[in-house]
Amino acid sequence: MPKHSPSSLNPKAPLVLDTRDLPRRPGALRTVKRVVPAPADLGVELIGVPEGADLDLDLRLESVSEGVLVSGTVSGSVRGECGRCLREINDSVAVPVQELYAYENSTTDVTTDEDEVGRMQDDLIDLEPALRDAVVLTLPTNPLCREDCPGLCPECGVQWDDLPADHSHQQIDPRWAGLSQLNRTEE
């Protein structure tokens, strides 16, 4: 019995790839283009791909001696909020993906750790872990609506972009209030 006994995959799941029609001889390849719904929690605290949003998969499955090399691009929309001013962010992301999925009972069972290489189950590949790693690691932990976002006024919490240039919260000590009148010119 192999050292790992994964749960069975549903071949109809959107992020499960079926490789039965891919010959197991090195160099054989097949392309996969499909649109799938994004899984839950595909992101970080402030930004991520909304659950169920369309993800475009443009992949190449290539037989190699130890398994199937999946490479290509995953793209989709991301939504979140700016880490400085809290404005909504709507953007898109295109992420390269490359992962080797070893055949069951291949020599990779002996030569690699269980979590070092993806594993095929029968002729099925679960793309979700590789997709999740690629997308989440690409997203910024502190997203910005724009590079020069000034953020919020620390005193009143209003976005600096919405405040006049002379905005200030300077309070004059009442003991010195009379002296502040000396700086003003009479009109």
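Procedures and definitions
- Residues numbered from 1 in each chain as written.
- Predicted model: local features only at pLDDT ≥ 70, side-chain atom pairs only at ≥ 80, totals over all residues.
- Heavy atoms only, no water.
- Helix = DSSP H or I, 4+ residues; strand = E, 2+ residues; numbered from the N terminus.
- Buried < 20%, exposed > 50% of the residue type's maximum accessible area, 1.4 Å probe, protein only.
- Areas by Shrake-Rupley, 256 points an atom, 1.4 Å probe, with all protein chains shown as cover.
- Arc of directions from axis to C-beta.
- Polar contact = N/O pair within 3.5 Å; in protein donor to acceptor, adjacent residues only side chain to side chain.
- Contact = heavy atoms within 4.5 Å.
- Salt bridge = Lys/Arg side-chain N within 4 Å of Asp/Glu carboxyl O.

(A) Geometry of the overall build of the protein chain. Counting its regular elements, the protein chain contains three helices and nine strands. Put simply, the protein chain runs from its N terminus to its C terminus through helices and strands in the order β-β-β-β-β-β-β-α-β-β-α-α. Sorting the 187 residues of the protein chain into buried and exposed places 35% on the buried side. For the protein chain, the accessible area works out to roughly 12000 Å², and carbon and sulfur atoms hold 47% of it.

(B) Local environment of helix α2 (residues 128–138). Those residues of α2 not exposed but buried are Ala130, Leu131, Ala134 and Val135. Taken end-on, α2 shows its buried residues confined to a sector of 120°, consistent with a single buried face.

(C) Summary view of the side chain of Arg30. Mapped onto the fold, Arg30 is located in strand β2 (residues 29–37). On the accessibility criterion, Arg30 (17% relative accessible area) is buried. Of the polar contacts made by the side chain of Arg30, one reaches the side chain of Asp21; its length is 2.5 Å. The residues touching Arg30, leaving out its near neighbours within four places in the chain, are Asp18, Thr19, Asp21, Leu22, Leu59, Arg60 and Leu61.

(D) Quick peek at the environment of Arg60. Residue position: Arg60 is located in strand β5 (residues 54–64). Apart from residues lying up to four places away in sequence, Arg60 is in contact with Leu29, Arg30, Thr31, Leu69, Val70 and Ser71. A distance of 3.2 Å separates the side chain of Arg60 from the side chain of Glu62, its partner in a polar contact.

(E) Looking closely at the pattern of salt bridges. With the rule as written, the count across this model stands at ten salt bridges. Salt-bridge contacts for Asp21 lead to Arg30; the nearest nitrogen and oxygen are separated by 2.5 Å. The residue Arg132 makes a salt bridge to Glu128 at a minimum N-O spacing of 2.7 Å. Taken together, the residues Arg132 and Glu128, both in helix α2 and four residues apart, mark about one turn of the helix. Judged by relative accessible area, which is 28%, Glu128 ranks as partly exposed. One connected set of salt bridges, linked through shared partners, spans Arg87, Arg146, Asp148, Asp161 and Asp162.

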